Amino acid sequence: LAPVLYNVGIIIGIIWLTPIFGLTGLVMGVLLGALLHLLIQIFPAINSGFKWHFSFQFNHPVITRAIRLMAPRTIGATAFHINLIVITALASTLSTGSIAVFYFANNLQSVPISLIGVSLAIASFAPLSRLSAEKDREGFRESLSFGLQQIMFLIIPVSLLMFLLRAHIVRFLLGTGEFGWDATRLTAAALGVFAFGIVFYAAIPLLTRSFFSRQDTKTPTVISLVSIGFNIAFAFLFIWLLSFENILKNTVSYLLDLDGIGDFRIIALPLALILAGGIQFLLLVWKGKRYVGRRELLSSLKRISIGSIVLVAVVFGVLQVTAQIWDLDTFIEVLSQLIGASALGILSYGIVMFLLKSPELNFFIQRFKRG
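The structure contained in this document is the topic of the report that follows. (Residues numbered from 1 in each chain as written. Predicted model: local features only at pLDDT ≥ 70, side-chain atom pairs only at ≥ 80, totals over all residues. Heavy atoms only, no water.)

**Here's the deal with helix α13 (residues 331–355)**
Okay, so step 1: The terminal C-alpha atoms of α13, which comprises 25 residues, lie 36 Å apart, in line with the 36 Å expected from a rise of 1.5 Å per residue.
Okay, so step 2: Where α13 is concerned, the buried positions are Glu333, Val334, Gln337, Leu338, Ala341, Ser342, Gly345, Ser348, Tyr349, Val352 and Met353.
Okay, so step 3: Elements that come into contact with the buried residues of α13 comprise α5 (137–164), α6 (166–173), α12 (294–325) and α14 (359–370). (Helix = DSSP H or I, 4+ residues; strand = E, 2+ residues; numbered from the N terminus. Expected span 1.5 Å × (residues − 1). Buried < 20%, exposed > 50% of the residue type's maximum accessible area, 1.4 Å probe, protein only. Contact = heavy atoms within 4.5 Å.)

**Here's the deal with the packing of aromatic side chains**
Aromatic ring pairs are defined here through the distance separating the ring centres and the angle between the ring planes.
Okay, so step 1: Enumeration according to the criterion identifies 13 aromatic pairs in this entry.
Okay, so step 2: Residues Phe200 and Phe281 carry aromatic rings whose centres are separated by 5.6 Å and whose planes lie at 40 degrees to one another, so their mutual orientation is tilted. You can see Phe200 sitting in helix α8 (residues 198–212) and its partner Phe281 sitting in helix α11 (residues 268–287), a full 81 residues away along the chain.
Okay, so step 3: When the centroid spacing of 5.9 Å and the interplanar angle of 20 degrees are considered together, the rings of Phe234 and Phe238 count as stacked. Separated by four residues within a single helix, Phe234 and Phe238 lie in helix α9 (residues 218–241), roughly one turn from each other.
Okay, so step 4: Residue class for Phe234 comes out buried when judged on its relative accessible area of 19%.
Okay, so step 5: Of the aromatic side chains, those joined through ring pairs into one cluster are Phe146, Phe153, Tyr349, Phe363 and Phe364. (Phe/Tyr/Trp six-rings, centres within 6.5 Å; stacked < 30°, edge-to-face > 60°.)

**Digging into the environment of Leu186**
Okay, so step 1: Mapped onto the secondary structure, Leu186 falls in helix α7 (residues 181–195).
Okay, so step 2: Along the chain, Leu186 and Ala77 lie 109 residues apart, while their C-alpha atoms are 29 Å from each other.
Okay, so step 3: With residues up to four places along the chain from it excluded, the contact list for Leu186 reads Val101, Leu258, Ile261, Asp263, Phe264, Ile266 and Ile267.

**Notes on empty space enclosed by the protein**
Okay, so step 1: Counted according to the given criterion, the structure contains one cavity of 30 Å³ or more.
Okay, so step 2: Within this model, the largest cavity holds a volume of roughly 30 Å³.
Okay, so step 3: Lining the largest cavity are Leu144, Leu207, Ser210, Phe211, Arg214, Leu284, Val285, Gly288, Tyr291 and Val292.
Okay, so step 4: The element that contributes the greatest number of residues to the lining of the largest cavity is α8, accounting for three residues.
Okay, so step 5: Across the lining of the largest cavity, the residue classes break down as seven nonpolar, two polar and one charged. (1 Å grid on protein atoms, 1.4 Å probe; cavity = no way out; pocket = protein on both sides within 12 Å on 5 of 7 lines; lining within 4 Å. Points joined across faces, edges and corners; volume = space filled by probe spheres on them. Nonpolar A, V, L, I, M, F, W, Y, C, P; charged D, E, K, R; others polar.)

**Considerations on the layout of surface pockets**
Okay, so step 1: Counted as a void, the largest pocket has a volume near 1100 Å³.
Okay, so step 2: Lining the largest pocket are 34 residues, and of these Phe80, Tyr201, Ile204, Pro205 and Gln280 sit closest to its centre.
Okay, so step 3: Those elements that place two or more of their residues in the lining of the largest pocket are α3 (61–92), α4 (98–133), α8, α9 and α11.
Okay, so step 4: Counting residues per element, the lining of the largest pocket draws most heavily on α4, at nine residues.
Okay, so step 5: Across the lining of the largest pocket, the residue classes break down as 17 nonpolar, 15 polar and two charged.

**Considering the packing of helix α1 (residues 2–21) against helix α2 (residues 23–47)**
Okay, so step 1: Their axes nearest at 7 Å, the elements α1 and α2 cross at an angle of 155 degrees. Between α1 and α2, the interaxial angle falls into the category roughly antiparallel. Judged by the twist between their axes, the crossing of α1 over α2 is right-handed.
Okay, so step 2: Partitioning the contact of α1 with α2 into residue classes produces 17 nonpolar, nine polar and no charged. (Axes fitted to C-alpha atoms, helices over the stretch in contact; angles between N-to-C directions. Parallel < 35°, antiparallel > 145°, perpendicular 65-115°, else oblique. Left-handed = near helix turned anticlockwise from the far one by under 90°.)

**Looking at the pattern of salt bridges**
Oppositely charged side chains can pair when the atoms bearing their charge come close.
Okay, so step 1: Enumeration according to the criterion identifies six salt bridges in this entry.
Okay, so step 2: Across the salt bridge formed by Arg130 and Glu134, the nearest N and O atoms sit 3.6 Å from each other.
Okay, so step 3: Looking at Glu134, the relative accessible area reads 49%, which means it is partly exposed.
Okay, so step 4: A salt bridge links Glu360 to Arg303; the nearest nitrogen and oxygen atoms lie 3.1 Å apart. Linking Glu360 in helix α14 with Arg303 in helix α12, this pair joins segments that are 57 residues apart in sequence. Exposure class is identical for Glu360 and Arg303. Each is buried.
Okay, so step 5: A single network of salt bridges, built from pairs that share partners, joins Glu138, Arg141 and Glu296. (Salt bridge = Lys/Arg side-chain N within 4 Å of Asp/Glu carboxyl O.)

Geometry only, nothing functional implied.
Right, here's the structure in full:
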């Protein structure tokens, strides 16, 4: 609830306070959200036995250790925002509307990452920290591996749906008003590229926290800095390569249906991000290989791959059949095809995983039964 209330405060600032106080009202909304974010957590803290008392003991061993562990993380967070500034600056040098196209696509792909990857990472952090403190290496490995399996079980079908239905998603959410057809096609293409990277970015929060739970903040920070460096380098490279006729530009145009759009160099940015994300993911797995059950993960990926193939076939079939019935010129037709294809794809995926006796699916079924 805490992050939800933070956003509620910001929304209150936008809708009610900004008309009264101007830009200051928006700042007031952010402060209100931060206050609500704090207040909702105070009562559970008190119920758990927490008692606050005033203290200035900054040389306390726990405080100094916390600062020492926090320093690398702060550097990594700062570098991440510098990376965003560089990417935004690069987008501003491209065709008009490129920044909007990039951020719309990025925001859409961040939804499943937050709902699945970040949520499961946060939920796993406490047990991983406890197992690390108890020096239960086998338990730590099993917990981390199963967490990764759960993320892959959920995020891989979502990524496939996002790629197959990218145009429907963008048309449903953005394809109205001043958002023209070319902008819709570019955003859908960028979202399609992002879809291949959300598997990496959904797993990275859990892998990163597995290092944090072992009180190692340096390794994931260094890896993050390396991936940011690759991201910036790839961005410059792909923008240059998409500036003139070559195999890469023609391939991107064909695969993402961008024929007729003169300047689609903005696609270079999501391309750079997914490659950098892949590098970051692989480096985190490599550095933490002692704590990742590769055999269990590969076994899980085999099952997920079978279910994913069926999902793709079903969704593609639904799109082909319904395209013969509807012209997809209206909002209702686009929404109906989006919902129908998604529902049948997810249902087919669930049935296959059930038949394969997926432990990931069984885990969610048991949790649902327990409420």
